[in-house]
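Structural features, examined
Chain by chain, the residues run as shown.
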Amino acid sequence: MTGKLEGFLKSRKTVIEERLPMYIKDLQAPSILKESMLYSLEAGGKRLRPILVLALLHAYGKDEEAGIPVGCAVEMIHTYSLIHDDLPCMDDDDLRRGKPTNHKIYGEATAILAGDALLTESFKMITSNMPSDVSAEKRIRLVNELISAAGAEGMVGGQILDMEAESKSVSLDELQRIHEGKTAKLLSFSVIAGAILADASEKEIEKLREFSHHIGIGFQIRDDILDLEGSEDKIGKRIGSDASNGKSTYPSLLSLEGASQKLDEHIEKAKQLISELPLEKELMYEFCDMIAARDH
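Computed from a predicted structure; not experimentally measured.

1. A word on the pattern of salt bridges
Applying the stated criterion across every chain yields a total of 17 salt bridges. A salt bridge links Glu-202 to Arg-141; the nearest nitrogen and oxygen atoms lie 2.9 Å apart. Of this pair, Glu-202 sits in helix α10 (residues 202-229) while Arg-141 is found in helix α7 (residues 136-150), placing the two residues 61 residues apart along the sequence. Here Asp-289 and Lys-271 are joined by a salt bridge, their closest N and O atoms 2.6 Å apart. Placement of the pair is Asp-289 in helix α14 (residues 281-293) and Lys-271 in helix α13 (residues 250-275), with a sequence separation of 18 residues. Salt bridges here are not isolated pairs; linked through shared partners, they connect Glu-17, Arg-47 and Glu-75.

And the structure:
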């Protein structure tokens, strides 16, 4: 990772992590609910999704301020999904980012409600916390994009397919459909949201949608590889959980070498699409390389 990308990631992560708890602390809500929400929001993580929103604005040479509440919204949804994923009725995980999972601290009922609250409050980030110069039309478009990415057509639908595929053999196409919904759609929202806020053309937005598909699938392939050969200390959760849960993965279908090759193909396609766009390319190329090489 170059100094430029490293500096960008660090500075924008700091901004997001300063703003996120402010929104929750200001809610007129029961203290135990806010405490549970903040526990998972403040547990760390890469903040890749909100940073991608800001990266697109930066790459287009636009003010990043409007991207902060949108980035916080997508991080709230990502966090709610992790809280629910960790529940005994789902993946039944005890560790997340090196800490006990939410339900291990607050109980299953509170964890479910904390996730519900994060999901619901995320939309208010876009409708009510944006700079005044962001039009109502843009806000509505962003909300619609987020619903498509997070709901039945996106992350939730992908989660259902993932659960149905446990202890079954699935094809590569079926596996890709699972992860297109479960992982790629929310990453795609971050990219598209940044482009919408940057006033990118519709043609550019569609090209960025394709770009985000490739980095999203690449992100998941790298996740699958790390589940086999990563460090539990760095990842912050159990290694080998996919195999123990009977899940098909890219390495299980393609071999470790084949999965690495498929990852390289998606990253190269993503870079090719960036090369065709009128934005600062270097930062986006480095994002692609970081997704392919990350160790957590």
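2. Notes on the packing of helix α4 (residues 67-85) against helix α9 (residues 172-197)
α9 packs onto α4 with a crossing angle of 170° between their chain directions and a minimal axis gap of 10 Å. In terms of their interaxial angle, α4 and α9 are classed as roughly antiparallel. Residues Gly-67, Val-70, Val-74, Ile-77, His-78 and Asp-85 of α4 lie in contact with α9, whose contacting residues are Lys-182, Leu-186, Phe-189, Ser-190, Ala-193 and Leu-197. A class-by-class count of the residues in the contact of α4 with α9 yields seven nonpolar, three polar and two charged.

3. Description of the packing of aromatic side chains
If you walk through the whole model with that rule in mind, you get two aromatic pairs. A centroid spacing of 6.5 Å and a plane angle of 80° characterise the contact between Phe-8 and Phe-287, whose relative ring orientation is edge-to-face. Placement of Phe-8 in helix α1 (residues 3-25) and of Phe-287 in helix α14 is noted, with a sequence separation of 279 residues between them. For Phe-8, a relative accessible area of 4% puts it in the buried group.

4. A word on unusual backbone geometry
Despite not being glycine, Arg-97 shows a phi value in the positive range, around 55°. Within the secondary structure layout, Arg-97 lies in the loop between β1 (95-96) and β2 (99-100). By relative accessible area, Arg-97 is classed as partly exposed at 22%. Residues other than glycine seldom take positive phi values, yet Asp-199 does so here, at roughly 60°. Looking at the element boundaries, Asp-199 is found in the loop between α9 and α10.

5. Focus: α9
Taking 1.5 Å of rise per residue, 26 residues should cover 38 Å, and α9 covers 35 Å from first to last C-alpha, within 8% of that figure. Within α9, 19 of the 26 residues are buried, leaving the element largely enclosed by the surrounding structure. A positive backbone phi angle near 60° is found at Asp-199, which sits one or two residues after α9.

6. Topic: a nonpolar patch on the surface
Side chains of Val-156, Ile-160 and Met-163 sit close together on the surface and give an oily, nonpolar patch of about 230 Å² of accessible area. As for its placement among the helices and strands, Met-163 is situated in helix α8 (residues 155-164).

7. So, the nonpolar core
One recurring pattern in soluble globular proteins is that nonpolar side chains are buried together. Of all hydrophobic cores here, the largest spans 87 residues; its most connected members are Val-70, Leu-208, Phe-211, Met-284 and Phe-287. The element best represented in this core is α9, accounting for 12 residues. Discounting chain neighbours no more than four positions away, the residues touching Val-70 are Val-53, Ile-126, Met-130, Leu-142, Phe-189, Ala-193 and Leu-197.

What counts and what doesn't
- Residues numbered from 1 in each chain as written.
- Predicted model: local features only at pLDDT ≥ 70, side-chain atom pairs only at ≥ 80, totals over all residues.
- Heavy atoms only, no water.
- Salt bridge = Lys/Arg side-chain N within 4 Å of Asp/Glu carboxyl O.
- Helix = DSSP H or I, 4+ residues; strand = E, 2+ residues; numbered from the N terminus.
- Axes fitted to C-alpha atoms, helices over the stretch in contact; angles between N-to-C directions.
- Parallel < 35°, antiparallel > 145°, perpendicular 65-115°, else oblique.
- Contact = heavy atoms within 4.5 Å.
- Nonpolar A, V, L, I, M, F, W, Y, C, P; charged D, E, K, R; others polar.
- Phe/Tyr/Trp six-rings, centres within 6.5 Å; stacked < 30°, edge-to-face > 60°.
- Buried < 20%, exposed > 50% of the residue type's maximum accessible area, 1.4 Å probe, protein only.
- Expected span 1.5 Å × (residues − 1).
- Patch = residues over 30% accessible without salt bridge, like charges linked within 9 Å, V, L, I, M, F, W, Y side chains within 5 Å.
- Areas by Shrake-Rupley, 256 points an atom, 1.4 Å probe, with all protein chains shown as cover.
- Core = buried A, V, L, I, M, F, W, Y, C linked by side-chain atoms within 4.5 Å.

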